[in-house]
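Descriptive analysis of the structure
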Amino acid sequence: MTSRLRFHGSSAVAAIAVQGTGMGLGYLSQVAFARWLGVNDFGVYSFVISWIMVLALVSRLGLPTVILRFVPQYSATDSAGPLRGLVRRASQLPAVIGGGLALVGALVVAAGYLGWYGPSQRAGGLVYLMRQQAPALLWGLAAVPAFGVLYVQQAIMQSFNRIVAAFTPLQVLRPGLLLVYALVLVLMGRVLSAASVVFGLGVICVLLIGLQRFRIAGVLRHVPRAAPDVSGWPIWMNAAISLVGVEASLTVLGNTDVLLLGVFSGPQEVGLYAAAAK
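A brief report on the enclosed structure follows. (Residues numbered from 1 in each chain as written. Predicted model: local features only at pLDDT ≥ 70, side-chain atom pairs only at ≥ 80, totals over all residues. Heavy atoms only, no water.)

1. Here we look at the nonpolar core
- Formed by 43 residues in total, the largest nonpolar core has its most connected members in Phe 33, Tyr 45, Ile 52 and Phe 147.
- For this core, the secondary-structure elements that each account for two or more residues are α1 (2-60), α3 (80-113), α5 (134-159), α6 (163-187) and α7 (194-220).
- Here this core takes 13 residues from α1, the largest share from any one element.
- If we skip the residues at most four places from it in the chain, Phe 147 touches Ile 52, Met 53, Ala 56, Arg 174, Leu 201 and Cys 205.
- In this structure, Phe 70, Ala 90, Ala 166 and Trp 233 belong to the second largest nonpolar core, which totals 33 residues. (Core = buried A, V, L, I, M, F, W, Y, C linked by side-chain atoms within 4.5 Å. Buried < 20%, exposed > 50% of the residue type's maximum accessible area, 1.4 Å probe, protein only. Helix = DSSP H or I, 4+ residues; strand = E, 2+ residues; numbered from the N terminus. Contact = heavy atoms within 4.5 Å.)

2. A short note on the packing of aromatic side chains
- Inspection of every chain in the model, using the stated rule, returns 7 aromatic pairs.
- Ring geometry for Phe 33 versus Tyr 45: centroids 5.3 Å apart, planes at 65°, classification edge-to-face.
- Residue classification places Phe 33 among the buried residues on the basis of a relative accessible area of 0%.
- Given the relative accessible area of 7%, Tyr 45 is considered buried.
- Measuring from ring centre to ring centre gives 4.7 Å for Trp 139 and Phe 199, while their planes differ by 65°; the resulting arrangement is edge-to-face. Here Trp 139, found in helix α5, pairs with Phe 199, found in helix α7; they are 60 residues apart in sequence, far enough to count as distant.
- A relative accessible area of 36% places Phe 199 in the partly exposed class.
- Taken together through their ring pairs, the aromatic side chains of Phe 33, Trp 36, Phe 42 and Tyr 45 make up a single cluster.
- Here Arg 60 stacks its cationic end above the ring of Tyr 151, 4.2 Å away from the centre of that ring. (Phe/Tyr/Trp six-rings, centres within 6.5 Å; stacked < 30°, edge-to-face > 60°. Lys NZ or Arg CZ within 6 Å of the ring centre and 35° of its normal.)

Encoded structure:
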């Protein structure tokens, strides 16, 4: 009992340390991007990131919570088939749903860029944003599947009590590598734009997915070999649907301010607000 308490205590300390480091890097990157991008492009960047968070939430359908609930159960009962089936299917679904959302979003952006919604009456709002910042929006949509997969991979590693390995990619490496990428461009004399930063973010997320796939494969080596069993899929999805509401409400509420400003006001207002509030 004492060793178990010590293990959980050290895991909690490690999680707090990783998330604290990630919060610090996130704050530092926000300050740096606000300075390097300028008000307009920083507003576009903040608007795109908010959309990525909301769409990535839809793409993962509450699967991280399902993984945290069922993987420890299957591990404790030596149910290798359902465990492998859940891990495999949960890793695939966000990529498929996220890809579909990205495709639909790209069509919407293309329609706005081509003027299918009619002329923009003012230099602000969503239609104006689609015409002036279409590359940033499209790169952001392309990153949606990657974000969804990364959140699922984080839950998989967490369910196996690999706390540092679970949280490090999204919480630390993502903001840290993005900050380094932007700093290199600045030192090279390149002019940063919202599109270039979002593009870099997408590439970094793809690299992190590869890293996490390698780590998950290492963890699964300790699970007895068995054919993946996905017969529990209806149970998993029922649990996901019942739990996704809470996560959705928190994510949407956390990004509603930026999204509403971007839709009705424009990128400059979003940039000023995000720099002050975030």
